[in-house]
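Residues per chain are reported as follows:
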Amino acid sequence: MTEFISKHAVRIYAVAAALVPALVLVWPDVPWEALVATIAALLGVGVAAANHEDAKTLHALYEDSPATGK
């Protein structure tokens with residue numbers, strides 16, 4: 001499960017972020033405090049997901065290309 005989350009963290013984040021406005025349409029009586037807390041949590045998770053993707057990109061940049069055979 002951890003490997004799945006690691007591979008697809010940004011996709012999972014995108015689905016969660018897209019569902020928030022849809023859920024507000026389904027349940028319009030949600031208190032604004034809950035929405036603010038959810039949005040803040042999503043922003044924090046988005047930063048973590050971006051940092052994770054940046055780390056994977058940096059790691060890939062320091063590997064030899066399989067095309068050169070080195």
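Residues numbered from 1 in each chain as written. Predicted model: local features only at pLDDT ≥ 70, side-chain atom pairs only at ≥ 80, totals over all residues. Heavy atoms only, no water.

Our next topic: the overall build of the protein. Each helix and strand in the protein was counted, giving 3 helices and 0 strands. When the elements of the protein are put in sequence order from the N terminus, they spell out α-α-α. At 17 Å, the protein has a C-alpha radius of gyration far larger than the 11 Å of a compact globule built from 70 residues. Counting only C-alpha atoms and orienting by the principal axes, one finds that the protein spans roughly 60 × 20 × 15 Å. Buried positions account for 7% of the 70 residues belonging to the protein. Summed over all atoms, the accessible surface of the protein reaches about 5800 Å², with 71% contributed by carbon and sulfur. For the protein, the separation between the mean place of its 4 positive charges and that of its 7 negative charges on side chains is 13 Å. (Helix = DSSP H or I, 4+ residues; strand = E, 2+ residues; numbered from the N terminus. Rg over C-alpha atoms; globule rule 2.2 N^0.38 Å. Buried < 20%, exposed > 50% of the residue type's maximum accessible area, 1.4 Å probe, protein only. Areas by Shrake-Rupley, 256 points an atom, 1.4 Å probe, with all protein chains shown as cover. Lys, Arg positive; Asp, Glu negative; His and termini not counted. Charge placed at Lys NZ, Arg CZ, Asp CG, Glu CD.)

Residue-level pLDDT values for the protein average 83, and 97% of them are 70 or greater. Element-level pLDDT for the protein is lowest in helix α1 (residues 2-7), with a mean of 81, against a maximum mean of 86 in helix α3 (residues 32-61). (pLDDT = per-residue confidence, 0-100.)

The end-to-end C-alpha distance of helix α2 (residues 9-26), which contains 18 residues, comes to 26 Å, matching closely the 26 Å that a straight helix rising 1.5 Å per residue would cover. When the local axis directions of α2 are compared, the greatest deviation, roughly 30°, occurs at valine 20, which is followed within four positions by the proline proline 21. (Expected span 1.5 Å × (residues − 1). Bend = angle between axes of the 7 residues up to and from the residue.)

A separate point is the packing of α2 against α3. Running from N to C, α2 and α3 point in directions that differ by 165°, and their axes come no closer than 9 Å. Judged by the angle between their axes, α2 and α3 are roughly antiparallel. Relative to α3, α2 is oriented so that their crossing is left-handed. Of the residues in α3, those in contact with Val10, Tyr13, Ala16, Ala17, Val20 and Val24 of α2 are Leu35, Thr38, Leu42, Val45, Gly46, Ala49 and Glu53. When the residues that make up the contact of α2 with α3 are grouped by side-chain class, the tally is 10 nonpolar, 2 polar and 1 charged. (Axes fitted to C-alpha atoms, helices over the stretch in contact; angles between N-to-C directions. Parallel < 35°, antiparallel > 145°, perpendicular 65-115°, else oblique. Left-handed = near helix turned anticlockwise from the far one by under 90°. Contact = heavy atoms within 4.5 Å. Nonpolar A, V, L, I, M, F, W, Y, C, P; charged D, E, K, R; others polar.)

Right, let's get into α3. Between its first and last C-alpha atoms α3 spans 43 Å; for 30 residues at 1.5 Å apiece the expected length is 44 Å, and the two agree. Buried within α3 we find Leu42, Gly46 and Ala49. Buried-residue contacts for α3 involve α2.

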